[in-house]
Amino acid sequence: MTTEPGRPDVPPTTPPEGGGPDGGNPALGGFETAALDAAERARLGHRAAEAARRLAGQDIVAVALTWVDVGGITRTKTVPVQRLEHAASWGVGMAPSFDVFLLDDSIVSGRYIGGPAGDLRLHPDLDRLVPMAALPGWAHAPASRYAQDGTVHPLDARALLRRETDRLAAGGWSVRTAFEIEWAVSDAAGYKATASAGGTGGFSPACHGPAYGMTRISELSRYLRDLLRALQASGVSVDQLHPEYAAGQYELSVAAEDPVGAADTAVLVRETIRAVSFDHDLAASFSPKVEADRVGNGGHVHLSLWREDGGDGAGAPGTGAGTGAVNAMAGGTGPYGMTPAGEAFAAGILARLPALLAIGAPSVASYLRLVPSHWAGAYSCWGLENREAALRFITGAAGERATAANLEVKCFDGAANPYLALAALLAAGRAGVGAGAVLPAPFDADPAGLPAAERAARGIAPLPSSLGEAVAAFEADGVLREALGEAVTDTVTAVRRGEIALLDGATPQEVAAATRWRH
Ligand code: GLU
Ligand code: MG
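Residues numbered from 1 in each chain as written. Chains lettered and ligands numbered in written order. Predicted model: local features only at pLDDT ≥ 70, side-chain atom pairs only at ≥ 80, totals over all residues. Heavy atoms only, no water.

**So, the site of ligand 1**
Reasoning step 1: In the neighbourhood of ligand 1, the contacting residues comprise E182, E244, E251, V295, G296, N297, G298, H300, R369, W375, A376 and K410.
Reasoning step 2: Separating an oxygen atom of ligand 1 from a side-chain N or O atom of E244 is a distance of 3.0 Å.
Reasoning step 3: Compared with its free state, where it exposes 300 Å², ligand 1 has 94% of that area covered by protein.
Reasoning step 4: Partitioned by chemical class, the residues of the shell around ligand 1 number three nonpolar, four polar and five charged. (Near = heavy atom within 4 Å. Polar contact = N/O pair within 3.5 Å; in protein donor to acceptor, adjacent residues only side chain to side chain. Areas by Shrake-Rupley, 256 points an atom, 1.4 Å probe, with all protein chains shown as cover. Nonpolar A, V, L, I, M, F, W, Y, C, P; charged D, E, K, R; others polar.)

**Looking at the confidence of the model for the protein**
Reasoning step 1: On average, residues of the protein score 90 in pLDDT, and 90% of them reach the 70 mark or higher.
Reasoning step 2: Confidence drops under a pLDDT of 50 for residues 1-24, and excluding neighbours within four residues, the segment shows 40 contacts in the predicted structure.
Reasoning step 3: Residue range residues 317-322 is modelled with pLDDT below 50. Its contacts to residues more than four positions away, or to other chains, number nine contacts. (pLDDT = per-residue confidence, 0-100. Contact = heavy atoms within 4.5 Å.)

**Considering the pairing of strand β4 (residues 120-124)**
Reasoning step 1: Most of β4 sits inside the fold, with five of its five residues counted as buried.
Reasoning step 2: Going residue by residue along β4, you find L120, L122 and P124 tucked away on one face and R121 and H123 tucked away on the opposite face as well.
Reasoning step 3: Of the strand pairs in this sheet, strand β3 (residues 92-94) and β4 are connected by three bridges, and their pairing is antiparallel. When the bridges of β4 are listed, V92 appears paired with L122.
Reasoning step 4: Pairing of β4 with strand β6 (residues 138-146) involves four bridges; the strand directions are antiparallel. Looking at β6, one finds that H123 is bridged to S144. (Buried < 20%, exposed > 50% of the residue type's maximum accessible area, 1.4 Å probe, protein only. Helix = DSSP H or I, 4+ residues; strand = E, 2+ residues; numbered from the N terminus. Pairing = 2+ DSSP bridges.)

**Topic: the nonpolar core**
Reasoning step 1: Counting residues in hydrophobic clusters, the biggest one holds 134 residues, and the most contacted among them are V63, W183, I349 and V409.
Reasoning step 2: I73, L503, V511 and A514 belong to the second-largest nonpolar core, a separate cluster that totals seven residues. (Core = buried A, V, L, I, M, F, W, Y, C linked by side-chain atoms within 4.5 Å.)

**Some points on the coordination of the magnesium ion (ligand 2)**
Reasoning step 1: Looking at the magnesium ion (ligand 2), one finds its protein donor set to be E182 (OE), E244 (OE) and E251 (OE), positioned 1.8 to 2.1 Å from the metal centre.
Reasoning step 2: Written as a sequence motif, the donor residues of the magnesium ion (ligand 2) are E-x61-E-x6-E. For the pair formed by E244 and E251, the shared burial category is buried. (Donors = N, O, S within 2.8 Å, 3.2 Å for Na, K, Ca; no water.)

**A word on the pattern of salt bridges**
Reasoning step 1: For the structure shown, the criterion picks out 26 salt bridges.
Reasoning step 2: In this structure, D264 engages R158 in a salt bridge whose closest nitrogen and oxygen atoms are separated by 2.7 Å. Highlighted residues: D264 in helix α7 (residues 259-279) and R158 in helix α3 (residues 157-170), separated in sequence by 106 residues.
Reasoning step 3: The exposure class of D264 is buried, given its relative accessible area of 2%.
Reasoning step 4: Overall, the relative accessible area of 3% leaves R158 in the buried class.
Reasoning step 5: The salt bridge involving E385 is made with R392; its shortest N-O contact spans 3.0 Å.
Reasoning step 6: For E385, a relative accessible area of 33% corresponds to the partly exposed category. (Salt bridge = Lys/Arg side-chain N within 4 Å of Asp/Glu carboxyl O.)

Shown next, in the form of structure tokens:
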């Protein structure tokens, strides 16, 4: 089925009592954060005016305010630097219906969102306002979305993630996290010829050297150099860049940050990669499955839980007391050195992976990627350094473990909204900590190599093999529903169902083609 843009295919049901998204009803998952008042608007305007002067001095002409929709596509409104002050105080108008856009820009509606009416205000986060070296004359600011009365929009994913971060902080915990970004580079010709006609442009790898081969660096050395320079100029702390396995594929990893910062960085990195690619007459695909018969792009999430007071969360004093936070993923007596809380956090995520996939592997194409023996983590199990486990534990080298030990969620991909993905992971981890959850035995091989009966005996189950299965698990998950709120849960479900219907009956090749250039 295809929905004409602007024509909802699901009739909107009556909004629940307490109003729609602008109503501020906490039962919908709304925020307790105080509404923007006159003093706060004035303060923001003053800061923005200063920032605008600084940017103008750097030849910056305009600022792109970005936010990521429920389907994982980064959307934007832009303002000339002279308008930044007004945008910071009063926001930039945008329609709430973007929350129910599908990957082909058709629009569905959920119980809380839909229809052409209403207006939200996008406010740039001035703390994250940076020049985009890859787009000369442009700066980037991730935006938060507010209603016109100054309250936070219940579907604002940045606010949602901040709320999850605060909930962990209330228990004395923080999380350090980063997204690994994989992408495949194509000559731009196929993209330009056909991408506008529904994203069906062809993919023609722009480099031809072997997987992880130095040849691929030589082939595109200027492109990769310009990318690293642009990221550095935008203040991104790159850890590593390498050629990946699939044709034309590379991967970039960045330093861990606080959750909202890490999601903002994921957006900035991706848009920088995209821009530098176009500048070199190339096109970047972040799709989970660029080509139906090859390895896909992951969007692995690294996370570690930290005890802010340096203790173990159970009353025992921490060795790091007085020296700041201590990594709960190391220095403990649990598996591979995890502390009880670190293990519980990991177990909370592992137990909910099928439901979490509706957020972290959110497209129909995600399930073409999430297949066994492709290093995507298609089985619900965990293991030390196991690249076939959906949850991979990494200790880091001896001597570095106290800071380096972390979890890697491998089954997530680049179609995920990074804010929603982290909010859901934090909620799952927090539920694990609250319940004192424990991990099953680790597994250190490819589960696909085990007879099904032995897999079952070890408690290793295949993860959902379709978006529909993941959505069913998500809808049945009370913890995620409560953490994300009713409005977000309902809207996620509506968008996922819309994309399932959109691609119903499509071949893997058609799904890959429809998704290739969208995220
Ligand atoms: N490209 C693989 C994926 O789809 C991941 C390869 C790796 O382990 O980095 O997730
Ligand atoms: Mg990789």
